[in-house]
Amino acid sequence: MVLPRKAFYPAKRVLTFRLTSINRGPSRADDNLSQKGVRAMNISHSRSSFRFACTAVLLLQSATCFAQARRSDQQVWTSLSSTAPVGSLFEVRADGLVVLSDGASRAGRELFRLMLLRKLGKRVKLGAGYVWTHVDPTSSQAADEHRAVQELDIILPLRPAGWTFSIRSQLEERRRENIQGMSLRLRQRTLLDLPLKKRRVGVRVWNEYFHELRGTSWSGPAGPSVMLNFIGLRVAASDRVHLTPGYLNEIRFEEGRNRVSHAAALFVDVAF
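Quick summary incoming for the structure in this document. None of the values given here were measured: they were computed from a predicted structure.

### Topic: the sheet that holds strand S8 (residues 201-214)
Strand-to-strand pairing in sheets goes through backbone hydrogen bonds, with the strands running parallel or antiparallel.
Here comes step 1: Read around the closed barrel, the 11 strands follow the order S1-S2-S3-S4-S5-S6-S7-S8-S9-S10-S11; overall the barrel is mixed. Averaged over all pairs of adjacent strands, the angle between their axes in this sheet comes to 20°, without regard to strand direction.
Here comes step 2: Note that S8 and strand S9 (residues 223-236) share 12 bridges and pair antiparallel. Following the sheet pairing, Gly202 is matched in S9 by Arg234.

Following this line, the structure appears as structure tokens:
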């Protein structure tokens, strides 16, 4: 069957119109409209991204505050450390610490440490010592703890900025009175001293990580245990006495929600 030729006219016209519309180049007005549309889309996308970021930050902060509100504590830490040389190769260091916990309402921890260190050059010290500590947590009974400690200190001056970077590694064998089991714990502290323009004032930042190598029923399982973070101002009260007030953050890794403590801290260092 042969269709009349006129039946193809509408299709030919439509096809010709479509091809013409496609091949026709865009005008300047179209370019302007297109650019304005792209800019509007970019502005709208930026505003949406900004609102989303602000909302995410607010939700994250709210969730963090809510999570920490049920597992947090406000504390006060005070520490006194004294160092005295013994001959040309050895030095003795004695540390004392008192922690006021439960909103700084009572003494939750007391600690005394005595170390004997030998100098291995200008930047390395190696030694051992003894630690006694009394802990009085609200979740369990108070206990006295005895520790044997081995320590390695490395000091690395960063020139020409005048910064000082130090690393302290400690291995502790811990026992508690009247409780079975010995805990083996590794402590790793990294410290950075940044002197300001006034040489008697500087910024001190350090982090200390505690890792249980051998867990017990009273110390918890092997694995991450505690992390301490500190930032403060180190002020030279004299040639032998330095005061370092600042903020300390303690995180205890526990099942479920970790326990976080915020503390106002003061560290006093005396060199004889």
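On we go from here.
### A few points about the pairing of strand S4 (residues 124-135)
Here comes step 1: Here strand S3 (residues 106-119) pairs with S4 via 11 bridges, running antiparallel. Along S4, the bridge assignment pairs Leu114 with Tyr130.
Here comes step 2: Taking the residues between adjacent antiparallel strands as the criterion, S3 and S4 are bridged by four residues, where Gly121 takes a positive phi near 95°.
Here comes step 3: Relative to strand S5 (residues 143-158), S4 runs antiparallel, the two being bridged by 12 bridges. Bridge pairing in S5 links Ala128 to Gln150.

### Quick look at the packing of aromatic side chains
Here comes step 1: Tallied over the full model, the rule gives three aromatic pairs.
Here comes step 2: These aromatic residues form a ring-pair network of at least three members: Trp206, Phe230 and Phe267.

### Notes on a nonpolar patch on the surface
Here comes step 1: A cluster of nonpolar residues, Leu196, Leu233, Val235, Leu243 and Leu266, forms a patch on the protein surface that exposes about 350 Å² of accessible area.
Here comes step 2: Within the element layout of this structure, Leu243 appears in strand S10 (residues 241-252).

### Describing the nonpolar core
Here comes step 1: Ranked by internal contacts, the top residues of the largest apolar core, which has 18 residues, are Trp77, Trp206, Leu228, Phe230, Leu248, Ala265 and Phe267.
Here comes step 2: Setting aside residues up to four positions removed in sequence, Trp77 forms contacts with Leu97, Val98, Val99, Arg109, Leu228, Leu248, Glu250, Ala263, Ala264, Ala265 and Leu266.

What counts and how
Residues numbered from 1 in each chain as written. Predicted model: local features only at pLDDT ≥ 70, side-chain atom pairs only at ≥ 80, totals over all residues. Heavy atoms only, no water. Pairing = 2+ DSSP bridges. Helix = DSSP H or I, 4+ residues; strand = E, 2+ residues; numbered from the N terminus. Axes fitted to C-alpha atoms, helices over the stretch in contact; angles between N-to-C directions. Phe/Tyr/Trp six-rings, centres within 6.5 Å; stacked < 30°, edge-to-face > 60°. Patch = residues over 30% accessible without salt bridge, like charges linked within 9 Å, V, L, I, M, F, W, Y side chains within 5 Å. Areas by Shrake-Rupley, 256 points an atom, 1.4 Å probe, with all protein chains shown as cover. Salt bridge = Lys/Arg side-chain N within 4 Å of Asp/Glu carboxyl O. Core = buried A, V, L, I, M, F, W, Y, C linked by side-chain atoms within 4.5 Å. Buried < 20%, exposed > 50% of the residue type's maximum accessible area, 1.4 Å probe, protein only. Contact = heavy atoms within 4.5 Å.

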